[in-house]
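Here's the letter readout for the chains.
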Amino acid sequence: MDTMQCAVCGSPVTIAEKQTEQDGIFYGWKDVALKDGNAVCKGCAEKTRIVFPLRSSKTFAVSSARFGSGSFNGKTIDGKGWINALADPLEQLTLDEFRQAMQDAEQAAEVQAARFPGARAAAEADFTYRHYIRAGGSGVNTKYSDEKQYFTCVKVLYGEIRPGDTVCITHKDREYTAEVSEVWFWNYLDSPHCAIEKAFAGVTAALLFRKEVPFIYPGDILTVKES
Ligand SMILES: [Zn+2]
C-alpha cells in the first residue's frame, strides 16, 4: 500500500499491490496508478469510463501435458481451461493523456445526451436471464421461497442507473417500465458477482428486476427519464 494524492483533484488515493490472479473478478472500483507514476482517484477515473471502460478478455489455455499444470496470467491451469481477465486501460495512460481523456469524456457524454432527449440515463440491453432461487432444507414453505429475480445485462451509454430507478423500454409504440431493484457489476464474461451502488456511463452491469421483463430484448435501449 502506498498513499499518494490524486494528480487531478488532490484527494488522497491508495494504490494497492497489483493483483496477479484476478480471473476477471471485480472487487469494486479502485484508485488508479497511471503509467508515468502519477495516481488518480476512483472518482476522477469514473468520469472517463465512457471513453475508457474496463476491458474484459477471455482466453482458452491448454497446458502442455509434458510439464503438467501450467501457469497463465498468474492462474494455474490443469489440463485446459478458460482464463478471464479484466484490465483497466487507464493504467496505460500518462497524466496528460488522462486529462485529455477527461475532456474527451465530457464531449462523449454530450453526444450521448443528444441521442436520448429527456433521459437522465440510457443503457443498451444484452441478454436477460432468470436467477432462480429455490430455498432448500426442511420446514421451508416453497410457496414463499421461490423468488423472481431477473437480471438484464446492459452497457450504460449515458448517465447513471441506481437501485430504485425505473427503466423505460419502447416496442411498437408501446412503453414498458420496470423498477431496478439492485445493480450489479458484470464483467461481460461471467454471471454478475458484485453488487454496486450505481452503474455509470461506460460500465457493463446487470440490472436486477423482481418481476418478469419479457419486453426487454438484446439491443434494446433502456432509459431512465428525468424526473
Ligand atoms: Zn481525483
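Below or above, wherever it landed, is the structure these notes cover. This is a predicted model, so every value here is computed, not measured.

This part covers the nonpolar core. One finds Val156, Ile161 and Ala205 to be the most contacted residues of the largest nonpolar core, which totals 33 residues. For this core, the secondary structure elements donating two or more residues are β9 (119-130), β10 (150-161), β13 (182-185), β15 (199-200), β16 (204-209) and β17 (221-225). Once residues lying within four places of it in the same chain are set aside, the contact partners of Val156 are Ala121, Ala123, Ile161, Ala199, Phe200, Ala201, Gly202, Val203 and Ala205. The next biggest cluster of nonpolar side chains, apart from the first, holds twelve residues, and it includes Ala39, Cys44, Leu90 and Leu93.

With that settled, consider the environment of Val203. Here Val203 lies in the loop between β15 and β16. Measuring from C-alpha to C-alpha, the distance between Val203 and Lys155 comes to 5.8 Å, with 48 residues separating the pair along the chain. For Val203, the residues in contact, after removing those within four places along its chain, are Arg49, Pro53 and Val156.

The phi dihedral of Lys172 falls on the positive side, at around 50 degrees, and the residue is not glycine. With respect to the helices, strands and loops of the structure, Lys172 is situated in the loop between β11 (166-171) and β12 (174-179). With a phi close to 65 degrees, Asp173 is a non-glycine residue in the positive phi region. Structurally, the position occupied by Asp173 is in the loop between β11 and β12.

Here we take up the environment of Ala199. With respect to the secondary-structure elements, Ala199 resides in strand β15. When neighbours within four sequence positions are excluded, Ala199 is seen to be in contact with Val156, Glu160, Ile161, Val183 and Ala205.

Calculation rules
- Residues numbered from 1 in each chain as written.
- Predicted model: local features only at pLDDT ≥ 70, side-chain atom pairs only at ≥ 80, totals over all residues.
- Core = buried A, V, L, I, M, F, W, Y, C linked by C-beta atoms within 7 Å.
- Buried ≥ 20, exposed ≤ 12 C-beta atoms within 10 Å, placed from the backbone.
- Helix = DSSP H or I, 4+ residues; strand = E, 2+ residues; numbered from the N terminus.
- Contact = placed C-beta atoms within 7 Å.

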